[in-house]
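Residues per chain are reported as follows:
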Amino acid sequence: MKRILVAYVFIAVATGFLFLRFTDYSFSTTKSKIPLQSEIFPVGDGYGYQIDLEDRVLIKQEYIPILEGKRPFSTTEDAERTANKVISKLLKKESPILTISELKELQIPEFNLY
Amino acid sequence: MKYIYNMKGRVNHIKMLTMASVTLCLMASCSNDDEDEDLGNWIDQSVFDGSPRSGSAYFTIGNIGYSGVGYDGDDYLTSFWSYDMDGDYWSQKADFPGTARNAAVGFTINDKGYIGSGYDGLDELADFYSYDPTTNTWTTIATFPSTPRRSAVAFGINGYGYFGTGFDGDNDRKDFWKYDPSTDSWHELVGFGGDKRRAAITFTIGDYVYMGTGVSNGIYLDDFWAFDSATESWTQKLDLDEEDDYSIVRSNAVGFTLNDYGYIATGTYGGTLQSIWEYDPSTDTWESKTDFERTSRQDAVVFSNNAKAFIGLGRTGSLYLDDLEQFFPYDEYDDED
């Protein structure tokens, strides 16, 4: 009886492990199979970014989204953090809309006022 | 007796173990299959872009299409995007400054875009805003002075904006109004002989704006009108069910112009539609074109500048779509692309 119990516990653990492994596996597959990349480029006295899918430009952001006027990002790091956020949303199959709270979270200084 | 019981028990356990192993194998293979399908679908559909939303307002200025506000199934939105028809990419622009809404109208007057009216989930709206693409800024303009409404039509021509029909929360409307940007004022325009309606379409060919389709009290309208922008007068054209093989009547469609022909595409008539009809203004006749290739939809957006046209961002039932497709009316149908 004890041996059988051990067998069940083993199966439960193995199932859990395999489940995790496959989830993890599929996640990394998603990542590697959707070749989304960001590029940072200079605009005026700041920086913009673009999101590429293979040879195609999906999004080209010369100015900070949401804000009125044409204000580029002040640093390459700001542009890069924002571009990476957009890519992570696309990989999760979410809409690429950025919101004020997300840009605050990314610590884009232009959103400190909001 | 005990021995037999144990035997039974063991057999059962062996069965259970086998089932567990089979389940594990199935899980493994299933998860692999799913992964492949999802990926394929996503890349196919996602000639992606913009954002999945419906009832967005849109307008085109030069080679750039603009689309904003809308409803994503959970929230009414204020985000606003531009689509570069030549470069085939999107940018997120300055947020729409009014309340988040859908079923708003969009139109262009002299290289500025306008979005106004609509529905915020509780009320019909009457506020309007203009967008200047050279500065990426919004300006509040005069509020529409009559009944707030949604699902109206609007177009810009000859330096003026025109706005009419729609649903005010209780009734469908048939009044038309004119917006003059030089004085920032609205005036009612008399002379539209058609019935009240909501969710109609317009398209512009030369100096004429054509208006038709839409629905009122569950009845789809079949009348079709031409607005002469020089005299601001309406003329009735042949009905949209004039010929037996026409199936043009519908609501929540999109209207656009390409190479001086007019088009009515997608929308709903009972269910959502994929069909596209082409209007020849010289003969007042319609011809069916190749159906929209993607999933059928209503409340889509269209960007067109008479040289190019792109349709996308509508909904089918509760599934929100986010792809955009260029329409080539004269190309042979190719299901490979």
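Residues numbered from 1 in each chain as written. Chains lettered and ligands numbered in written order. Predicted model: local features only at pLDDT ≥ 70, side-chain atom pairs only at ≥ 80, totals over all residues. Heavy atoms only, no water.

Colleague: Tell me about the overall build of chain B, and please be specific about residues and values.
Modeller: Looking only at helices and strands, one finds one helix and 29 strands in chain B. Looking at the 337 residues of chain B, the share that counts as buried comes to 53%. Carbon and sulfur atoms provide 48% of the accessible area of chain B, an area that totals close to 14900 Å². (Helix = DSSP H or I, 4+ residues; strand = E, 2+ residues; numbered from the N terminus. Buried < 20%, exposed > 50% of the residue type's maximum accessible area, 1.4 Å probe, protein only. Areas by Shrake-Rupley, 256 points an atom, 1.4 Å probe, with all protein chains shown as cover.)

Colleague: Give me the lowdown on the sheet that holds strand β10 (residues 160-167) of chain B, citing residues and values where you can.
Modeller: In any sheet, the strands associate via hydrogen bonds between backbone groups, in a parallel or an antiparallel arrangement. Residue and element names in this part refer to chain B. If you walk across this open sheet you meet the four strands as β9-β10-β11-β12, and the pairing is antiparallel. Of all the strands in the sheet, the pair left with one neighbour each is β9 (153-157) and β12 (185-189). Neighbouring strand axes in the sheet, compared pairwise and without regard to direction, differ in orientation by 25 degrees on average. Two strands pair when backbone bridges link them, and β9 and β10 are joined in this way by five bridges, in the antiparallel orientation. In the sheet register, Ile-157 faces β10, and the bridge partner there is Tyr-160. (Pairing = 2+ DSSP bridges. Axes fitted to C-alpha atoms, helices over the stretch in contact; angles between N-to-C directions.)

Colleague: Quick one: what's the story with the confidence of the model for chain B, residue by residue and with numbers?
Modeller: Residues and elements named next belong to chain B. Of the residues in chain B, 77% have a pLDDT of 70 or more, and the chain-wide mean is 83. Throughout residues 1-11 the model reports pLDDT below 50, and contacts reaching past four residues in sequence, or to other chains, amount to zero contacts. Contacts for the low-pLDDT stretch residues 16-52, under 50 throughout, to residues beyond four places or in other chains number 57 contacts. Among the prediction metrics, the complex's ipTM stands at 0.76, with pTM recorded as 0.79. (pLDDT = per-residue confidence, 0-100. Contact = heavy atoms within 4.5 Å.)

Colleague: Can you explain the pairing of strand β8 (residues 137-141) of chain B? Please cite residues and give values.
Modeller: All names here are of chain B. Alignment of strand β7 (residues 124-132) against β8, held across five bridges, turns out to be antiparallel. In the sheet register, Tyr-129 faces β8, and the bridge partner there is Thr-140. Remark: four residues form the turn of the hairpin made by β7 and β8, two consecutive strands paired antiparallel; Asn-136 in that turn has positive phi of roughly 55 degrees.

Colleague: An account of the sheet that holds strand β17 (residues 224-228) of chain B is needed here, citing residue identities and associated values.
Modeller: All names here are of chain B. Pairing is antiparallel across the open sheet formed by four strands, whose spatial order is β13-β14-β17-β18. Bordering the open sheet on either side are β13 (201-205) and β18 (233-237), each of which pairs with just one other strand. Strand-to-strand twist of the sheet, defined as the mean angle between neighbouring strand axes without regard to direction, takes the value 25 degrees. Sheet topology places β17 next to β18; five bridges connect them, and they run antiparallel. Bridge pairing in β18 places Asp-228 opposite Ser-233.

Colleague: Go over helix α2 (residues 76-91) of chain A, please, and point to the residues and values.
Modeller: Residue and element names in this part refer to chain A. Relative to the 22 Å expected for 16 residues at 1.5 Å per residue, α2 spans 22 Å between its end C-alpha atoms, a close match to the ideal helical length. Buried within α2 are the following residues: Asp-78, Ala-79, Thr-82, Ala-83, Val-86, Ile-87, Lys-89, Leu-90 and Leu-91. Positive backbone phi, at 60 degrees, marks Lys-93, one or two positions downstream of α2. (Expected span 1.5 Å × (residues − 1).)

Colleague: Describe in detail the confidence of the model for chain A, supporting the description with residues and values.
Modeller: Residue and element names in this part refer to chain A. Residue-level pLDDT values for chain A average 82, and 79% of them are 70 or greater. Taken element by element, chain A is modelled with least confidence in helix α1 (residues 2-33), mean pLDDT 58, and with most confidence in helix α3 (residues 100-105), mean pLDDT 96. Note that residues 23-32 has pLDDT below 50 and, in this model, six contacts with residues that lie over four places away or in other chains.

Colleague: Tell me about the layout of surface pockets, and please be specific about residues and values.
Modeller: The method is simple in principle: a probe with the dimensions of a water molecule rolls over the atoms, and the space it marks as empty is what remains. Residues and elements named next belong to chain B. Taken as a whole, the largest pocket spans an internal volume of roughly 1300 Å³. Lining the largest pocket we find 50 residues, and of these Tyr-58, Gly-106, Ala-154, Thr-202 and Gly-255 sit closest to its centre. Taken together, the elements giving at least two residues each to the lining of the largest pocket come down to β1 (57-61), β5 (105-109), β9, β13, β19 (254-258) and β25 (301-304). For the lining of the largest pocket, a count of residues per class yields 26 nonpolar, 19 polar and five charged. (1 Å grid on protein atoms, 1.4 Å probe; cavity = no way out; pocket = protein on both sides within 12 Å on 5 of 7 lines; lining within 4 Å. Points joined across faces, edges and corners; volume = space filled by probe spheres on them. Nonpolar A, V, L, I, M, F, W, Y, C, P; charged D, E, K, R; others polar.)

Colleague: Give me the nonpolar core: which residues, what numbers.
Modeller: Within soluble globular proteins, side chains that are nonpolar tend to cluster in buried spots. Core analysis: the biggest nonpolar cluster contains 31 residues, and Leu-36, Tyr-49, Ile-51, Val-86, Leu-103 and Phe-111 of chain A have the highest contact counts within it. Each residue touching Val-86 of chain A, except ones within four places of it in the same chain, is listed here: Tyr-49, Ile-51, Ile-59, Pro-96 and Leu-98 of chain A. (Core = buried A, V, L, I, M, F, W, Y, C linked by side-chain atoms within 4.5 Å.)

Colleague: If you had to explain the side chain of Thr-82 of chain A to someone new, which residues and values would you point to?
Modeller: Summarising the element assignment, Thr-82 of chain A is placed in helix α2. Among all residues touching Thr-82 of chain A, those that are not within four sequence positions of it are Tyr-49, Phe-73, Leu-98, Leu-103, Leu-106 and Ile-108 of chain A.

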